[in-house]
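# Structural features, examined
If you want the building blocks of each chain, they are given just below.
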Amino acid sequence: MGSRNVWWLLLAVLTLGGLVLWQLDREQAGAFASDRPLFEGLRPERLSSLRLDQLERGLQLSIHRDADGSWQIVDPLDFPAEFGLLERLFESVSRNRGLPVEHPDLAALSLAPPRAVLELVEELPEGPRKLRLELGARDIDGKSVFVRADGVVLSTLRNVENCLDRDLSDWRMRRVLVLDPARVVSVRRSGLYALDPAAGVMDFALEAASSEAGWQATAPWLAALDPAAVGSLLTTVCNLQARTFLADSAVEAARFGLESPDLRLELGLENGEEVALLFRHDPPSESWSCQREGSVHVFRVDSVNVIYLAVPSEAFLDPRLVRETREDVERIEVLRAAGSFALRRDGKRWLLGLSQGASAVGEIPADAPAALDLIGALEDARAARFLLDDPPEFGAAGAMVTVRLIAKGRTHEVEFGAAHEVSPGVPGRLFRRRGEQVLGVVGDSLVKLLERDAAEFVERQMIRLPEQGIAAIELSRLGVTRVFVRNAESGRWSPKDADVEAPKSFLKCVDRLLSLRADVATAPDVPLDLVDPWQVVVVDGGNVRVTYRIGPLASDAAQHGFDDGRQRGLVTSSGLLEDLSRIP
């Protein structure tokens, strides 16, 4: 770099430094105005009231904070205020900063008179603090607006103008009800109207209440209701929004005919209070007028919201036969004329209880997969449809199957009656829940599962022992016994008294000798006559012996039976007998 360029660069640096020092001196001397808050120290949570004179719109508005923290319009009408708009306004006046305007021309800045005047009251320990903000013209940059805050003219962001330049309807809360759906414990709906003229007049009658068992209808029938459908109705009504405001006096409200509503919806709250909404359809506008009973205010609400409130009563019926999860089920009883049985959870296993007439035979191990399949089928079962008009005969008592399910102390009972098609050509069965008046139709596959022989629910896992805990296996047949021992450290199997590895034909059988599942389980009282069976004795490290027999049936040599004196079953597909016969 040449010396001449170095001198020019040094000169530029010195000049820039001089400008910085000059600017700092101006700011310290007050010659340059820095930005400042609109209102020093203002905190929105301490505001208690506001008054707005919107001169351009001819609106005078007063809003006060109630003792519970909510905001209420008190002039020109008594009505809840829209908190979202207030929140944005309070945020802008408390956070905005503005640049002071030197020697302002108030008339030129539309501040004499102002376009709007906002007066706020902030509650301080030493007493109320009154704040005044006057709204003027927009700045030429289009992003700012002139205001006078407590006598000081500033240029600030236009978000203040966006909040203040509003009609009365913008300051009114749009929610028809300020209500948490979780507080609603009862619903009463009434009315007659043809939402679809082609479908005719619909009766909206529905009465329901919440209980430990869920939502239950008491009219026009006794039945369980779908919690999702009821929840959708409550969410819709509790969050219903007014599109416009139609009336604010009794005289104005009378024009809308809400004394004879097309739809009336009453909500009972947990504290005993009742809230009712009245709706009337206006076909020309395809909208609905809405009024809270006892109020003079009338709103227009969109039809799409009312449609959710006016669904047919039968659409609220619970399609699930039993609303429980399989993990919570403790016991299931299947009652039928052909023989009843019960499945009971016992820790991690299931027990099967058999009955003959009114007498219980006792409990035996149940097949867990079969038990869970049955419970899962009930958990997943849904009504294909409900029969409310001219319901058929339910069926003869002898043909009925009743299921009683107990889960965490809650008892559910479902009866299955006569055959009834789900749809043309699709077989099904009638069902009804205990204490209900509504008949439904469910697919036939569930009832066929309930009509299975009790023996199909007997434990099919005949034996299951961990190999690492086994010390010896004894195999006896036709007077010949073979004993194989297992080395606890190496896991090696050997013939007793021989330091050689057990033959591969024996090793091939070990897994099945210790874990054998029957193809078909049989009841304990059904004898199995076995021909020349193998007797298997499994001895664990503590010298505990487990003994069972396995061999061909006398009645059919192609079938193989297992019997340990407690469980019996057919194990034809295991191939264990063939492999045992190959052990030298």
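Refer to the preceding data block for the structure.
Bear in mind the structure is a predicted one, so any value in this text is a computation, not a measurement. (Residues numbered from 1 in each chain as written. Predicted model: local features only at pLDDT ≥ 70, side-chain atom pairs only at ≥ 80, totals over all residues. Heavy atoms only, no water.)

### Here we look at the overall build of the chain
Looking only at helices and strands, one finds 11 helices and 40 strands in the chain. In terms of C-alpha radius of gyration, the chain reaches 42 Å, well past the compact-globule figure of 25 Å for 584 residues. With an accessible surface of roughly 30200 Å², the chain has 52% of that area assigned to carbon and sulfur atoms. Put simply, the chain has 68 plus and 88 minus side-chain charges, and the middle of one group is 4 Å from the middle of the other. (Helix = DSSP H or I, 4+ residues; strand = E, 2+ residues; numbered from the N terminus. Rg over C-alpha atoms; globule rule 2.2 N^0.38 Å. Areas by Shrake-Rupley, 256 points an atom, 1.4 Å probe, with all protein chains shown as cover. Lys, Arg positive; Asp, Glu negative; His and termini not counted. Charge placed at Lys NZ, Arg CZ, Asp CG, Glu CD.)

### Things to note about helix H2 (residues 83–95)
In this model, H2 (13 residues) spans 18 Å end to end at C-alpha, consistent with the 18 Å of a helix rising 1.5 Å per residue. For H2, the full list of buried residues reads Leu85, Leu86, Leu89, Phe90, Ser92, Val93 and Ser94. (Expected span 1.5 Å × (residues − 1). Buried < 20%, exposed > 50% of the residue type's maximum accessible area, 1.4 Å probe, protein only.)

### Points about the pairing of strand E38 (residues 545–552)
Across six bridges, the pairing between strand E37 (residues 534–540) and E38 is antiparallel. For Val538, the partnering residue across the bridge sits in E38 and is Val546. (Pairing = 2+ DSSP bridges.)

### Re the side chain of Arg336
Mapped onto the secondary structure, Arg336 falls in strand E22 (residues 329–336). The buried charged residue Arg336 lacks any salt bridge partner; its closest oppositely charged side chain belongs to Asp453, at an N-O distance of 5.9 Å. Polar contacts involving the side chain of Arg336 include one to the main-chain carbonyl oxygen of Leu450, which spans 2.6 Å. (Salt bridge = Lys/Arg side-chain N within 4 Å of Asp/Glu carboxyl O. Polar contact = N/O pair within 3.5 Å; in protein donor to acceptor, adjacent residues only side chain to side chain.)

### As for the environment of Ala558
With respect to the secondary-structure elements, Ala558 resides in the loop between E38 and strand E39 (560–563). Residue classification places Ala558 among the exposed positions, given a relative accessible area of 53%. C-alpha of Ala558 to C-alpha of Glu489: the two residues are 69 residues apart in sequence and 40 Å apart in space.

### Digging into the sheet that holds E38
The eight strands lie next to each other as E34-E33-E32-E37-E38-E39-E40-E36, forming an open sheet whose pairing is antiparallel. Looking at which strands have only one partner, the edges of the open sheet turn out to be strand E34 (493–495) and strand E36 (520–522). Sheet twist, expressed as the mean angle between neighbouring strand axes with direction ignored, is 20°. In the packing of helix H10 (residues 504–514) onto the sheet, contacts are made with strand E32 (470–477), strand E33 (480–486), E34, E37 and E38, and the angle to E32 comes to roughly 100°. (Axes fitted to C-alpha atoms, helices over the stretch in contact; angles between N-to-C directions. Contact = heavy atoms within 4.5 Å.)

None of this, on its own, says anything about what the molecule does.
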